[in-house]
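# Close look at the chain arrangement
Given next are the chains, with one letter for each unit.
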Amino acid sequence: MTVISDASPLVSLSRIEALELLPTIYGTVTPPDAVWNEVVVDAEKQPGAKAIRNASWIETQAVSNRDLVRALRQDLDGGEAEAIALAVESDSPLLIMDEQHGRARADHFEIPCIGVIGVFIEAKDNGHIQAVRLHLDALREEAGFHIGDPLYIIG
């Protein structure tokens, strides 16, 4: 399975020191070039950027279909547009994306999506973490991640 990530899941997981859950669950994670530039190059001094840059299991990939990226850029940012385009180009992808609008666009292409909270649920279901709530607390407190009460209750 190909796992493609948008920027915010990488940044959020890195900021709460849970980035290593991704290779534990999925193996290699592939962000498109725009995501890499957003979280590592442009945000070089931001919390989490160094951990993402040093992760040997992250392999960036360029998007071939630039026309699709341009079309998606009409209502998405560059990272989201490239992540969806890369998922369209991939066989059996899973897209890790939190932004609701981007997920709706991915759904249009029938791309399965999971967000950071879904990653924690999968990690718990597979015995990699004991409790989701601790990670949700860290997301709220350390990463400034908005979690609505209905999702927070699941932890």
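For the structure, see preceding data.
Residues numbered from 1 in each chain as written. Predicted model: local features only at pLDDT ≥ 70, side-chain atom pairs only at ≥ 80, totals over all residues. Heavy atoms only, no water.

With that settled, the discussion passes to the overall build of the protein. Looking only at helices and strands, one finds 10 helices and 3 strands in the protein. The order of α-helices and β-strands along the protein, N terminus first, is β-α-α-α-α-α-α-β-α-β-α-α-α. In terms of overall dimensions, the protein has a C-alpha envelope of 45 × 30 × 25 Å along the principal axes. Out of the 155 residues belonging to the protein, those deemed buried represent 48%. Restricting to contacts in the protein with at least 6 residues of sequence separation, those with at least 24 account for 61%. Split by element, the accessible area of the protein, about 8,000 Å² in all, is 45% carbon and sulfur. (Helix = DSSP H or I, 4+ residues; strand = E, 2+ residues; numbered from the N terminus. Buried < 20%, exposed > 50% of the residue type's maximum accessible area, 1.4 Å probe, protein only. Contact = heavy atoms within 4.5 Å. Areas by Shrake-Rupley, 256 points an atom, 1.4 Å probe, with all protein chains shown as cover.)

Let us look at the nonpolar core. Within the largest apolar cluster, 35 residues are counted, with the highest numbers of intra-cluster contacts made by Leu 22, Tyr 26, Phe 120 and Leu 139. Among the elements of the structure, helix H1 (7–15), helix H2 (21–26), helix H3 (33–41), strand E2 (93–96), helix H8 (116–125) and helix H9 (132–142) are those that each provide at least two residues to this core. Take this core: its biggest share by element is 5 residues, from H8. When residues no more than four places from it in sequence are discounted, the contact partners of Leu 22 are Leu 10, Leu 13, Gly 27, Val 29, Trp 57, Ile 96 and Val 119. Counting 16 residues, the second largest nonpolar core, distinct from the first, contains Ile 4, Val 63, Ala 85 and Ala 106. (Core = buried A, V, L, I, M, F, W, Y, C linked by side-chain atoms within 4.5 Å.)

Attention shifts here to the packing of H1 against H3. Remark: H1 packs on H3, axes separated minimally by 9 Å, with the N-to-C direction vectors making an angle of 35°. Once H1 is placed against H3, the crossing between them reads as right-handed. Mapping the contact onto sequence places Ala 7, Leu 10 and Val 11 in H1 and Val 35, Glu 38 and Val 39 in H3. (Axes fitted to C-alpha atoms, helices over the stretch in contact; angles between N-to-C directions. Left-handed = near helix turned anticlockwise from the far one by under 90°.)

Next up on the list: the pattern of salt bridges. All chains considered together, the criterion is met by 3 salt bridges. The partner of Arg 105 in a salt bridge is Asp 75, and the shortest N-O contact between them spans 3.5 Å. On the criterion of sequence distance, the pair formed by Arg 105 in helix H7 (residues 100–108) and Asp 75 in the loop between helix H5 (66–72) and helix H6 (78–89) is long-range, its members being 30 residues apart. (Salt bridge = Lys/Arg side-chain N within 4 Å of Asp/Glu carboxyl O.)

Our next topic: the pairing of E2. Burial of the side chains of E2 extends over both faces: Pro 93 and Leu 95 are buried on one face and Leu 94 and Ile 96 on the other. Looking at chain direction, strand E1 (residues 2–5) and E2 are connected through 4 bridges and run parallel. Paired with Ile 4 across the strands is Leu 95, a residue of E2. In this structure, E2 lies alongside strand E3 (residues 113–114), joined through 2 bridges in parallel fashion. Across the sheet, residue Ile 96 finds its bridge partner in E3, namely Ile 114. (Pairing = 2+ DSSP bridges.)

Time to look at unusual backbone geometry. Peptide bonds are trans in most cases, and residues, glycine excluded, mostly fall at negative phi. Although it is not a glycine, Glu 17 adopts a positive phi angle of roughly 55°. Examined against the element boundaries, Glu 17 turns out to sit in the loop between H1 and H2. We note that Glu 110 has phi near 60°; this positive angle belongs to a residue other than glycine. Position of Glu 110 among the secondary structure elements: in the loop between H7 and E3.

Read from one edge to the other, the open sheet built from 3 strands follows the order E1-E2-E3, with strand pairing classed as parallel. The sheet is open, and its two edges are formed by E1 and E3, each paired on a single side.

Our next topic: H1. Counting buried positions along H1 yields 7 of 9 residues, so the element is predominantly enclosed. Every buried residue of H1 is accounted for by Ala 7, Ser 8, Pro 9, Leu 10, Ser 12, Leu 13 and Ser 14.

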